[in-house]
Amino acid sequence: IAAAILVAKLLTDSTTATYAVTYKYEGTFFAAAQMGDIIELRCKITEVRKRGIGVEVCAYRQKRNQKEVEYIAKSNFVFVSKNGDKFVEHGLTL
């Protein structure tokens, strides 16, 4: 959801694409989160192609009553831009 929100914000500057759909996902978990952990997601655009937008999402957890933050997961997404039912170039650059 965090990656999709970032892409949706980016596409507000597009004059051709109205939304994007997930084309590819790859993720790795390094540790499990537990009930009560505070989860932080950090998202960044990693690549912009004619129709595609790459996003990296890193997840961190902070256990309650502790200051340490632990890196627990990494995901990479590729979204493709659409307008209606057609794939379109979004016309954006980094």
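Residues numbered from 1 in each chain as written. Predicted model: local features only at pLDDT ≥ 70, side-chain atom pairs only at ≥ 80, totals over all residues. Heavy atoms only, no water.

Would you mind showing me how to read the overall build of the protein chain here?
Broken down by element type, the protein chain carries 1 helix and 5 strands. Reading the secondary structure of the protein chain in the N-to-C direction produces α-β-β-β-β-β. Computed over its C-alpha atoms, the radius of gyration of the protein chain comes to 16 Å, more than 25% above the 12 Å expected for a compact globule of 94 residues. Each of the three principal axes of the protein chain carries a C-alpha extent, and together these read 45 × 20 × 20 Å. Within the protein chain, the fraction of its 94 residues that count as buried is 29%. Looking at the protein chain alone, contacts between residues at least 24 apart form 63% of all its contacts between residues at least 6 apart. For the protein chain, the accessible surface area stands at approximately 6,600 Å², while carbon and sulfur atoms represent 53% of it. (Helix = DSSP H or I, 4+ residues; strand = E, 2+ residues; numbered from the N terminus. Rg over C-alpha atoms; globule rule 2.2 N^0.38 Å. Buried < 20%, exposed > 50% of the residue type's maximum accessible area, 1.4 Å probe, protein only. Contact = heavy atoms within 4.5 Å. Areas by Shrake-Rupley, 256 points an atom, 1.4 Å probe, with all protein chains shown as cover.)

Just checking my understanding: could you explain helix α1 (residues 2–11) for this structure?
Each turn of an α-helix holds 3.6 residues, which means side chains three or four residues apart point in the same direction. Residues of α1 that are buried include every one of Ala3, Val7 and Leu11, and no others. Projected down its long axis, α1 carries its buried residues within an arc of 70 degrees, all on one side. Taken together, the buried residues of α1 touch β1 (19–29), β2 (38–48), β3 (52–62) and β4 (70–83). (Arc of directions from axis to C-beta.)

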